[in-house]
Amino acid sequence: MISHLPERRSVIDGCLAMNRLGINQGMSGNLSHRVEGGFLVTPTSMAYDAMTPDDIVEMGFDGTYLGNRRPSSEWRIHRDILRARPDVMVVLHAHPTFATALAVHGRGIPSFHYMVALAGGDSVRCAPYATFGTQELSDHALTALEGRLACLLANHGMIVLGASVQAALSLGVEIETLARQYLYAQQLGEPRILPPDEIARVAEKMRRMKYGQPVDDNDAPEDTARPRR
Ligand code: 13P
């Protein structure tokens, strides 16, 4: 019997969704999901709408794999992030148009908007360029992701991390939206950047409110509206 069938299905659903949501196109990008003892990752160079659960590759942290397909060329990125970050279940890599437009200039996303805090800090960093599929690129990505759930990759694309496929997709859409807003805002000059202490305040409020996650009524923090009983 095939192992980790629900996770294999959610990897495929996540890939189809990233293209449908407009944060990726064609066969670009790849997606992984942590499973016991390792992770599942998309096969290299395969159209997402042709993928079946059997095509998803199971890998160990030692870089060995099981299955008939070769793993994504970026398996090192997935392996290294999942090994270093126990909080992360899903790694999504995509080539979204606006985020990539910034990344080809080696630019990240500064705190021009408070929603940048969703990625875990006061900026989304851009990792330096290295050839796709190399250990060097993975090392750069891991550094750019320190304390963050997202980064850009110079002349390449974006990585987002999540506790689930849904969380990674939704952060991916947020990052692409921020990149689009930042590029539009720059038409009028460099926008005002919110200072680190304001982003820290926003991050603390988001944490307390569980902002961006389905919230339990009984768990409402002090400064939110209260349900009528
Ligand atoms: P793979 O098809 O090997 O996953 O490559 C896609 C990609 O985006 C490489 O960065």
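Residues numbered from 1 in each chain as written. Predicted model: local features only at pLDDT ≥ 70, side-chain atom pairs only at ≥ 80, totals over all residues. Heavy atoms only, no water.

Notes on the site of the ligand
With respect to spatial proximity, the complete set of residues near the ligand consists of Ser28, Gly29, Asn30, Thr44, Ser45, Ser72, Ser73, Glu74, His93, His95 and His156. Here Asn30 contributes a side-chain N or O atom positioned 2.8 Å from an oxygen atom of the ligand. At a separation of 3.2 Å, an oxygen atom of the ligand approaches a polar side-chain atom of His93. Across the complex, the protein chains shield 90% of the 310 Å² of accessible surface that the ligand would expose by itself. (Near = heavy atom within 4 Å. Polar contact = N/O pair within 3.5 Å; in protein donor to acceptor, adjacent residues only side chain to side chain. Areas by Shrake-Rupley, 256 points an atom, 1.4 Å probe, with all protein chains shown as cover.)

So, the sheet that holds strand 4 (residues 65-66)
Strands in a sheet are paired, the pairing made by backbone hydrogen bonds, and the direction either parallel or antiparallel. The strand order across the open sheet formed by eight strands is 4-3-2-1-5-10-9-8, and the pairing between neighbours is mixed. Across the chains shown, the open sheet's two edge strands, defined by having one partner strand only, are strand 4 and strand 8 (126-127). With two bridges connecting them, strand 3 (residues 57-60) and strand 4 associate as antiparallel partners. From the neighbouring strand, Met59 faces strand 4, where its bridge partner is Tyr65. Strand contacts of helix 1 (residues 5-20): strand 1 (30-35), strand 2 (38-41), strand 3 and strand 5 (90-94), with the helix running at about 155° to strand 1, the strand carrying the most contacts. (Pairing = 2+ DSSP bridges. Helix = DSSP H or I, 4+ residues; strand = E, 2+ residues; numbered from the N terminus. Contact = heavy atoms within 4.5 Å. Axes fitted to C-alpha atoms, helices over the stretch in contact; angles between N-to-C directions.)

With respect to the pattern of salt bridges
In this structure the tally under the stated criterion is 11 salt bridges. Across the pair Asp80 and Arg83 runs a salt bridge, and its minimum N-O distance is 3.3 Å. Of this pair, Asp80 and Arg83 both sit in helix 2 (residues 75-84), three residues apart, which is roughly one turn of the helix. Look at Arg83 and you get partly exposed, because its relative accessible area is 47%. Between Glu198 and Arg201 there is a salt bridge; the shortest N-O distance is 2.3 Å. Pair noted here: Glu198 and Arg201 are both in helix 6 (residues 196-209), with a separation of three residues, about one helical turn. (Salt bridge = Lys/Arg side-chain N within 4 Å of Asp/Glu carboxyl O. Buried < 20%, exposed > 50% of the residue type's maximum accessible area, 1.4 Å probe, protein only.)

Brief notes about the UniProt feature "domain: Class II aldolase/adducin N-terminal" (unreviewed entry) in the chain
According to UniProt, the feature "domain: Class II aldolase/adducin N-terminal" (unreviewed entry) maps to residues 9-183 in the numbering used here. In the segment residues 9-183, helix accounts for 33% and strand for 21%; the C-alpha atoms at its two ends are 35 Å apart. (UniProt positions renumbered as here; feature names shortened; annotations may be inferred.)

Quick look at the packing of helix 2 against helix 4 (residues 135-144)
At a minimum axis distance of 9 Å, the contact between helix 2 and helix 4 shows a crossing angle of 35°. Relative to helix 4, helix 2 is oriented so that their crossing is right-handed. Residues Arg76, Ile77, Arg79, Asp80, Ile81 and Ala84 of helix 2 touch helix 4, and the partners they reach there are Gln135, Leu137, Ser138, Asp139 and Leu142. (Left-handed = near helix turned anticlockwise from the far one by under 90°.)

So, the side chain of Asn24
Mapped onto the elements of the fold, Asn24 is located in the loop between helix 1 and strand 1. Among the polar contacts made by the side chain of Asn24, one reaches the side chain of Asn19 at a distance of 2.9 Å. A polar contact of 3.0 Å, which involves the side chain of Asn24, links it to the backbone nitrogen of His95. Contacts of Asn24, omitting those with residues within four sequence positions, involve Met18, Asn19, Gly29, Tyr48, Ala94 and His95.

Section: the nonpolar core
Within the largest apolar cluster, 44 residues are counted, with the highest numbers of intra-cluster contacts made by Leu92, Ile109, Leu152, Val160 and Ile175. Mapped onto this core, the elements with two or more residues apiece are helix 1, strand 1, strand 5, helix 3 (97-103), strand 9 (150-153), strand 10 (157-162), helix 5 (165-185) and helix 6. Per-element tally for this core: the top contributor is helix 5, with eight residues. Discounting chain neighbours no more than four positions away, the residues touching Val160 are Val90, Val91, Leu92, Leu149, Ala150, Ala168, Leu171, Gly172 and Ile175. Grouped together as the second largest cluster of nonpolar side chains are 20 residues, Phe39, Leu137, Leu153 and Ile159 included. (Core = buried A, V, L, I, M, F, W, Y, C linked by side-chain atoms within 4.5 Å.)

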